[in-house]
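Letter by letter, the chains look like this.
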Amino acid sequence: MLKINNKIIKDTILLALMQISLDFSAIFMNSFITRRLGAAAVGIFSLMGSFLGLASILASGNAFLCTSRLIAEESGKSNGNPNRVLLHGIKLCTVLSISTSVLVIFFSENLAVRFFGTESADSVIFAIRLMPAALVSGSISACFKGYFNACRKASTAAIGDILEFIVKSAVIVFMTLSGNSSACQIMIVSIISGNIVSLLFMLFLFARERDCNCSHNHSTGSLNFRQYLQLAFPIMFGGLLTSALSSANDALVPVCLRQAGDSQEQAFAFFGVFEAIVIPAIFFPSVIPCSLSGIVVTETARASAAKNLDKIRRMTARLIQYTLIYAAVSGVFLFVFGTQIGELLGGGETAGKLISAIAPVVPFIYLEIILEAIIKGLGLQGFSSVNYLAEYVIRISAVLIFVPQLGFTGIIISYYSSNVFGNISRLVKVIRYTGTTVHDFPALSWICKERVVQIRQKSH
């Protein structure tokens, strides 16, 4: 147990350092794009990224999460064969990515006009028709990343992400400096390049280290392809639902900003500042819980398969406690220095005010990262999907009601209402399901004991 805990700590620290490097680089890349192509281009970049994320979920079936969880569960069984589960995942991704690619190409013109709301849609149509290359390569690469993550080699998947980002960034810089002004084309070509290089890297590592430390490769395995589909579809549906609702929310923000009186260019510019400056700043301290979340999914799934409820309960309590402490400190820092951070990153006073305004809800945002990892590791995908649906109904409703009247203040209202509701629901569900009590929280238990002592002293 001590050895596993030490590995989790080491992997979390390593992944956090890698993620910090990626986040810093992404912020500088957003600043570069803003300076060269304008803030509106960053808004289009963000919207294209949201649309591609939705298409990727359709094409991969949420492959990283599926393979991470199901391979981790397989490795916890005496007759498990993780390599066979990986093969099932690749088969499913191949079918889904080809089918999605056909639909994307067929409906490219309608998607360009309706999703992006632009009249000069030729460059957007061309970019959408290039998407199949990104979808196929990204889907298969995600399967291998999930495989390495489940085999407690999370740093391998992270290195693949870093390599992918380096290639993508190099292509963006090259195309931008070469005079290409189409944000959509720049983005899709860069993603295709990064995905292909990442996939080749994953294939090379898999061929070199085919036998996973946790696998029983001579076994036939506990899952056939049909059983894999039965387990994967709920996970896929949850990811698809979340991505679809997130994309709908992102698409509605520029529309509602135009209803508030902004022009189309101003709406995309404001949206670009929010996505490129405010959101990265808010989520930058979350590198630790984000790095830990992938490990939590696999460890929880492994413990669940082994029926080790005591480990799940203790791990849940400590994760919740330390996440809340870390998130509270991060939220205070962002609230106090939000204005300076916004101006430093090039978002000006508007970005700074938004960072400070959203900072108080940071504990709920960061807690979601860990709670969702526990929920997915326990296989509570049904609850996750219903909760996300309710959360996004609240968020989208707030956007539709308040943004046309209040502008960006409406976006802040939507973040507060949805995050508070959604994460209180998650917290209650996890605590009840795992049987966690106040005695499992060391800090809270100590506070309660001290309070009892004080009451007894006063009574005497």
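In case you missed it, the structure is sitting above this.
Please read all numbers here as calculations on a predicted model, not as lab measurements.

Caption draft 1: View of the pattern of salt bridges. Per the stated rule, a full pass over the model turns up 13 salt bridges. Here Glu164 makes a salt bridge to Lys145, at a shortest N to O gap of 2.9 Å. Taken as a pair, Glu164 in helix H8 (residues 154-177) and Lys145 in helix H7 (residues 131-150) lie far apart in primary sequence, 19 residues in all. A relative accessible area of 18% means that Glu164 is categorised as buried. The partner of Glu299 in a salt bridge is Arg302, with the nearest N and O atoms 3.4 Å apart. Taken together, the residues span about one helical turn, with Glu299 and Arg302 both in helix H12 (residues 287-305) at a distance of 3 residues. As far as the burial class goes, Glu299 and Arg302 line up, both buried. The network of salt bridges with shared partners includes Glu368, Glu372, Lys376, Glu391, Arg395 and Arg426.

Caption draft 2: Quick peek at the environment of Phe270. Within the fold, Phe270 resides in helix H11 (residues 264-283). Given a relative accessible area of 33%, Phe270 falls into the partly exposed group. Residues Phe270 and Phe408, 138 residues apart in the sequence, show an inter-C-alpha distance of 8.7 Å.

Caption draft 3: Representation of a nonpolar patch on the surface. Judged by side-chain polarity, Val332, Phe333, Phe335, Val336 and Phe337 come together as a nonpolar surface patch covering roughly 490 Å² of accessible area. Tracing the chain through its elements places Phe333 in helix H13 (residues 309-344). The class for Phe333 is partly exposed, based on a relative accessible area of 45%.

Caption draft 4: Main features of the nonpolar core. Residues Leu86, Phe144, Tyr147, Tyr228, Leu319 and Ile374 are the most contacted members of the largest nonpolar core, which totals 48 residues. Taken together, the elements giving at least two residues each to this core come down to helix H3 (63-75), helix H4 (82-106), H7, helix H9 (183-208), helix H10 (225-259), H12, H13 and helix H15 (362-377). The element best represented in this core is H7, accounting for 7 residues. Core analysis: the next-biggest nonpolar cluster, separate from the first, contains 34 residues, Leu257, Ala267, Ala327 and Ala351 among them.

Caption draft 5: Representation of the packing of aromatic side chains. Using the criterion set out here, one finds 7 aromatic pairs in the structure. Members of the aromatic cluster, connected to one another through ring pairs, are Phe144, Tyr147, Phe148 and Phe206. Here the guanidinium or amino end of Arg395 rests over the ring plane of Tyr392, the centre of that ring lying 5.1 Å away. Its end group placed over the ring of Tyr388, Arg426 keeps NZ or CZ at 4.6 Å from the ring centre.

Caption draft 6: Representation of the packing of H13 against helix H17 (residues 408-434). Look at H13 against H17: their axes get within 9 Å of each other, and the N-to-C directions meet at 150°. As judged from the angle between their axes, H13 and H17 are roughly antiparallel. Both H13 and H17 take part in a crossing whose hand is left-handed. The residues of H17 that touch H13, namely those facing Ile312, Arg313, Thr316 and Ile320, are Leu427, Val430, Ile431 and Thr434. Taken together, the residues of the contact of H13 with H17 break down into 5 nonpolar, 2 polar and 1 charged.

Conventions we followed
Residues numbered from 1 in each chain as written. Predicted model: local features only at pLDDT ≥ 70, side-chain atom pairs only at ≥ 80, totals over all residues. Heavy atoms only, no water. Salt bridge = Lys/Arg side-chain N within 4 Å of Asp/Glu carboxyl O. Helix = DSSP H or I, 4+ residues; strand = E, 2+ residues; numbered from the N terminus. Buried < 20%, exposed > 50% of the residue type's maximum accessible area, 1.4 Å probe, protein only. Patch = residues over 30% accessible without salt bridge, like charges linked within 9 Å, V, L, I, M, F, W, Y side chains within 5 Å. Areas by Shrake-Rupley, 256 points an atom, 1.4 Å probe, with all protein chains shown as cover. Core = buried A, V, L, I, M, F, W, Y, C linked by side-chain atoms within 4.5 Å. Phe/Tyr/Trp six-rings, centres within 6.5 Å; stacked < 30°, edge-to-face > 60°. Lys NZ or Arg CZ within 6 Å of the ring centre and 35° of its normal. Axes fitted to C-alpha atoms, helices over the stretch in contact; angles between N-to-C directions. Parallel < 35°, antiparallel > 145°, perpendicular 65-115°, else oblique. Left-handed = near helix turned anticlockwise from the far one by under 90°. Contact = heavy atoms within 4.5 Å. Nonpolar A, V, L, I, M, F, W, Y, C, P; charged D, E, K, R; others polar.

From the geometry alone we can't say anything about function, so treat these as descriptive.
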